[in-house]
Amino acid sequence: MGELRAKWKVNMYAWLLLLPSLIFLLLFTFYPVIQTFILSFHQADLGSPEPFFNGIDNYKQMVEDEVFWKVLTNNIWFAIGTVPTSVALALAMALFANKAIRGKSFIRTAYFYPTVVPMIAVANIWLFIYTPEYGALSHVMEWFGKGDMNWLGDQKNVMWAMIFMVIWKEAGYFMIFYLAGLQNISQELYESASMEGASSWTVFRRITFPLLMPTTMFVSIIAFTNSFKLVDHLVIMTKGGPDNASNLLLYYIYETAFSFWDQGMASALTIVMVVLLLLVAAFQFFGMDKKIHYN
Amino acid sequence: MAEVELRRISKMYGSQKVVNEVSTRILPGEFFVLVGPSGCGKSTTLRMIAGLEEISTGELLIGGKPMNQVPPSGRNISMVFQNYALYPHLTVKDNILFGLQVRKVDKAEQGKRLERVAEMLGIAHLLQRKPKELSGGQRQRVALGRAIVSQHPICLMDEPLSNLDAKLRGHMRTEIRRLQQELGITMIYVTHDQVEAMTMADRMMVLRDGEVQQVGKPLDVYNHPANLFVAEFTGAPPMNTVPAIWLADQAGIELAGQRFLPLPMFHGIKDQTPVVLGLRPESLQPALEGQSMDASCQLPVTVQGVEILGSETIVEFTVGDKLWKAKWNGQWHCKRGETMHVRFDPAQLNVFDGETGKNLAVTTN
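Since the structure is predicted, the reported quantities are computational estimates derived from the model, not experimental observations.

In terms of regular secondary structure, chain A is built from 12 helices and two strands. Listed by position from the N terminus, the elements making up chain A come as α-β-β-α-α-α-α-α-α-α-α-α-α-α. Taking 295 residues into account, the globule formula puts the C-alpha radius of gyration at 19 Å, and chain A, at 24 Å, lies well above it. The dimensions of chain A, computed from C-alpha atoms along their principal axes, are 80 × 75 × 30 Å. Per-residue burial for chain A yields a buried fraction of 42% across its 295 residues. Long-range pairs, those at least 24 residues apart, make up 66% of the contacts in chain A between residues at least 6 apart in sequence.

Residues and elements named next belong to chain A. UniProt marks residues 12-34, 76-98, 110-129, 158-182, 203-224 and 265-286 with the feature "transmembrane region" (unreviewed entry), using the numbering shown here. What you have in residues 12-34 is 100% helix and 0% strand, and the ends, taken at the C-alpha atoms, are 26 Å apart. A helix fraction of 100% and a strand fraction of 0% characterise residues 76-98, whose end C-alpha atoms lie 33 Å from each other.

All names here are of chain B. Mapped onto the elements, Asn359 comes out in the segment after strand E20 (350-353). Under the relative-accessibility criterion, Asn359 is labelled buried at 4%. A polar side-chain atom of Asn359 sits 2.7 Å from the main-chain carbonyl oxygen of Pro225. Once residues within four sequence positions are removed from consideration, Asn359 is found in contact with His224, Pro225, Ala226, Asn227, Asn350, Val351 and Phe352.

All names here are of chain B. Taking strand neighbours across the sheet as the criterion, the five strands line up as E15-E19-E16-E17-E18 in an open arrangement whose pairing is antiparallel. Either end of the sheet is taken by a strand with one partner, and the two such strands are strand E15 (285-286) and strand E18 (322-329). Judged from the two bridges that link them, E15 and strand E19 (residues 339-344) form a sheet pairing that is antiparallel. When the sheet's bridge partners are listed, Pro286 is paired in E19 with Val342.

Counting residues at the interface gives 18 residues for chain A, matched by 25 residues for chain B. Overall, the association of chain A and chain B removes approximately 1,900 Å² of surface from exposure, summing both partners, and the carbon and sulfur fraction of that is 61%. Per-residue buried area on chain A facing chain B is highest for A:Met195, A:Glu196 and A:Arg206; these three make up 39% of the total on that side. Summed over the shared surface of chain A and chain B, the number is two salt bridges. As a salt-bridge pair, B:Arg103 and A:Glu196 come within 2.7 Å of each other at their nearest N and O atoms. In this structure, the connection of chain A to chain B is made through eight residue pairs in polar contact (both at pLDDT 80 or more). For the side of chain A that touches chain B, the secondary structure elements donating two or more residues are helix H8 (187-196) and helix H9 (200-229) of chain A. With eight residues, H8(A) is the largest single contributor of residues to the side of chain A that touches chain B. Tallied by class, residues from the side of chain A that touches chain B come to eight nonpolar, six polar and four charged.

All names here are of chain B. Pairing is mixed in the open sheet, where six strands are placed in the order E6-E7-E8-E3-E9-E10. The open sheet has two edge strands with one neighbour each: strand E6 (77-80) and strand E10 (211-216). Mean inter-strand twist for the sheet, computed between neighbouring axes without regard to direction, equals 15 degrees. When E6 meets strand E7 (residues 154-158), the two strands line up parallel, connected through four bridges. The residue bridging Ile77 from the neighbouring strand is Ile154, located in E7.

Turning to the side chain of B:His152, a few remarks are in order. Residue and element names in this part refer to chain B. Relative to the elements of secondary structure, His152 occurs in the loop between helix H4 (136-149) and E7. In this structure the side chain of His152 is engaged in a polar contact, spanning 3.1 Å, whose partner is the backbone oxygen of Ile77. Excluding residues within four positions of it along the chain, His152 makes contact with Asn76, Ile77, Ser78, Arg103 and Ile185.

This part covers the packing of H9(A) against helix H12 (residues 263-288) of chain A. All names here are of chain A. Taken N-terminus to C-terminus, the directions of H9 and H12 make an angle of 170 degrees; their axes are 11 Å apart at the nearest point. In terms of axis orientation, H9 runs roughly antiparallel to H12. Residues Met217, Ser220, Ile221, Phe224, Thr225 and Phe228 of H9 touch H12, and the partners they reach there are Met273, Leu276, Leu277, Val280, Gln284, Phe285 and Met288. Its residues assigned to classes, the contact of H9 with H12 shows 10 nonpolar, three polar and no charged.

UniProt's entry tags residues 4-234 of chain B with the feature "domain: ABC transporter" (unreviewed entry), counted in the numbering of this structure. Across residues 4-234 of chain B one finds 37% helix and 26% strand; the C-alpha atoms that close the span lie 25 Å apart.

Residues and elements named next belong to chain B. According to the domain assignment, chain B consists of domain 1 (4-231) and domain 2 (233-287 + 295-353). On the side of domain 2, 11 residues touch domain 1, which itself brings 16 residues to the contact. Carbon and sulfur atoms make up 62% of the surface buried where domain 1 meets domain 2, a total of about 1,100 Å² over both sides. Taken together, domain 1 and domain 2 are joined by zero salt bridges.

Moving on to H8(A). Within H8(A), seven of the 10 residues are buried, leaving the element largely enclosed by the surrounding structure. Close packing links the buried residues of H8(A) with H9 of chain A together with helix H1 (42-50), E6, helix H2 (92-102) and H4 of chain B. Taken from the residues just after H8(A), A:Gly197 is the one with a positive phi, measuring 80 degrees.

Our next topic: the nonpolar core. Counting residues in each nonpolar core, the largest one holds 81 residues, and the members touching the most others are A:Leu249, B:Val4, B:Leu60 and B:Leu156. A total of 11 residues in this core trace back to one element, the largest contributor, which is helix H3 (residues 66-99) of chain A. Among residues more than four places away in sequence, those in contact with A:Leu249 are A:Phe68, A:Val71, A:Leu72, A:Asn75, A:Phe228, A:Leu269 and A:Met273. In terms of nonpolar packing, the next biggest core, distinct from the first, is built from 45 residues, B:Ala118, B:Val149, B:Met157 and B:Met187 among them.

Reading the values: the criteria
- Residues numbered from 1 in each chain as written.
- Chains lettered and ligands numbered in written order.
- Predicted model: local features only at pLDDT ≥ 70, side-chain atom pairs only at ≥ 80, totals over all residues.
- Heavy atoms only, no water.
- Helix = DSSP H or I, 4+ residues; strand = E, 2+ residues; numbered from the N terminus.
- Rg over C-alpha atoms; globule rule 2.2 N^0.38 Å.
- Buried < 20%, exposed > 50% of the residue type's maximum accessible area, 1.4 Å probe, protein only.
- Contact = heavy atoms within 4.5 Å.
- UniProt positions renumbered as here; feature names shortened; annotations may be inferred.
- Polar contact = N/O pair within 3.5 Å; in protein donor to acceptor, adjacent residues only side chain to side chain.
- Pairing = 2+ DSSP bridges.
- Buried area = accessible area lost by both parts, 1.4 Å probe.
- Salt bridge = Lys/Arg side-chain N within 4 Å of Asp/Glu carboxyl O.
- Nonpolar A, V, L, I, M, F, W, Y, C, P; charged D, E, K, R; others polar.
- Axes fitted to C-alpha atoms, helices over the stretch in contact; angles between N-to-C directions.
- Parallel < 35°, antiparallel > 145°, perpendicular 65-115°, else oblique.
- Domains from an automatic or database assignment.
- Core = buried A, V, L, I, M, F, W, Y, C linked by side-chain atoms within 4.5 Å.

Here it is in C-alpha cells:
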C-alpha cells in the first residue's frame, strides 16, 4: 500500500513538472491537430454557413484534383532536388572550413551568412538575380553571349531556380551541424590512421563519414521537412506560378484555406502532408537508425 | 635493422623550445623508456619519432636511414595512443585489421595474423564487439593488438597505462614487457610514472624541460642519479636531500651549521663548497644499541611521523631543515617525538653540487 502511494507521489511530481509545457502543447499542438483531423471530414467552405459532415468527400475530391497531384509531384521533385545536394554540400563545406588554415572564421561566416538572412529577404535578393533583362544572372549570361532567360516565368526552369536558391540558403545551416560533428571526432583517430598510411579518401570513407552518420541522419530529416515547410519564397517570387509549376503542397494548403476559404479541403490536405512526413521520418528513423553508430 | 637514432633533435613552437637537442641511440629489441614530469617534452619527442610532429632541427635515423621527411606510414613504426584511438564504429576485428586492410595485405594473411594476435592477447572472444562494449583493460589489449598485427619492428607507446586502475596497470606492465620480449620488437615508451620506467625499461631517459637529464639502465639511474632532479624524481618515496657545506680539511660535512659528519669517502671537492647530500630512504636504517659503528655513520633524530604499511614502515624526521623519510622492513612502532639513532653506509651517500645540482661522485654516462 505504502509503496503504491510512494510511486503515485513520484509520478505526480513528474506530471507537475511536465504540466507547464504540456498545457501549451495541448492547446497549440494536439488540439489543433485533432480539430484539423475532424474538420477534414467536413464541408467547411464559403458556401456552407456551418461546417457539416461529408465523410471522405474531401479526400475523394483531392484524388481527382489535378492541381493536388501536380503540387505533390512538384514537392517530391523539390525534395529530391534540395535534400541530397544541400546535405552533401554542407558536408563538403564543413570539411573545408575545418581544414582551412587561414581565414577559418571568415570562411565559416561566409558559409553561414545565408542562414542568418530571413527567407523573405533571400527571396527578394534572388528575385532580382533571376529577373529577365536587367537581373544579375541575365547580365552574366549576356557576357557569355547567351540569350536572355526568364527563369521564373518559364515552367521548365522555375523549379530549378527555386531548388538552387534553397540549396544556397540551407547548406550553411547544415554545415554548422557537421562542423560540430567533426570537432567531436578525436584527433587521435586521424593520427592513428596516418600511422597506417591511409589516404585521405580512405580516412573519409572509413572513419569520418561513418562517425558523422548521426549528424547526416539528423540533418537529412531537417532538410526533408524543410522541403515541405519552406514556402515563404513562393509568396514573394512566383505565388506558385506559372500554372502551378513552382507550387508546393504547403503553399497550396495555404491558398486553399485562406484564398479559396475551403477549410475542410485544406484540413484534408494538411492531414495528407502530415502523414507523408511521418512516414518518411519513420523510415529514416527505424530503417536507417540501426546502421548508425552513436557514441 | 630497427635501430632508432636521435641526433640533436629539437622542437620549437614559435620561439619556445619544448625539446632541446635530444640525442640518443635506441638499440634493436630494446625497451627504451622516456620518463619525466608532465610538460618535459617526452610526448613531443615520441611524436617526432612517429612523424606526427615535425622535427624543428636535428636528425632522426631509423635503421640508419634519415627519416625527417618520411611520412609516419613509411617509418616502419606502430603506435599505441594514450586513449587507445580505437575506431568506435568498428568491431574489434576491424579495428585490428584496419591497417592491414589499408595496406591491402592478402586476406588469408590477415586472418592468420588476426588469429595469432587475438590468441596472444586473449581477446579472441571479443572480436565481434565494439569498443564501447569493452572494459578499459580490454581496450588496452585491442590497441596493443592493433600495434602488434602490423608486425613493424618498432612500437611507440604514449602513456598507455594511464587510464587504467592501479591493479590492472601492474598487470599490463608485465604483459607489455613480456610481449615486447617475445616479439623482439624495439619499444619506445613514454610515461610520467617512474615506477613504470624502473620496472619495464632496459634503458631509460629522464627528461626535464626538454633537456635530457640522464640516460641509462634503471638501476644505474637509481643508484647513481646524474643530478639532484633525477635523484628526487626516482624512487618512492624519493631521495632525501639536505644542503650542507663540504669541509675538506676535516674530511667531512657540516649540516646547516649544526652538525659535523665525518665522511672519509669523497676527495677532490674544494673546501667550503656548498653541496647537497642525498640518501635513499632504504639506505637509512635504525641503529640498534650495542651495534658496532664502524664504517657506518650515525645520526640522532627525532621522529616526526610514522606510516606503518604492513610490510614496511616509513619513518619521518627532520635533518637540517628538510623532512626526511626512512623506509624500514617490517613494522616499527615508533612514537612521534621519540629520539633514536639512524645509521647509513657512506658508500650509499650521494653528494651533489650545491649550485648546479650535478652529482659530484659520478660522471654522466
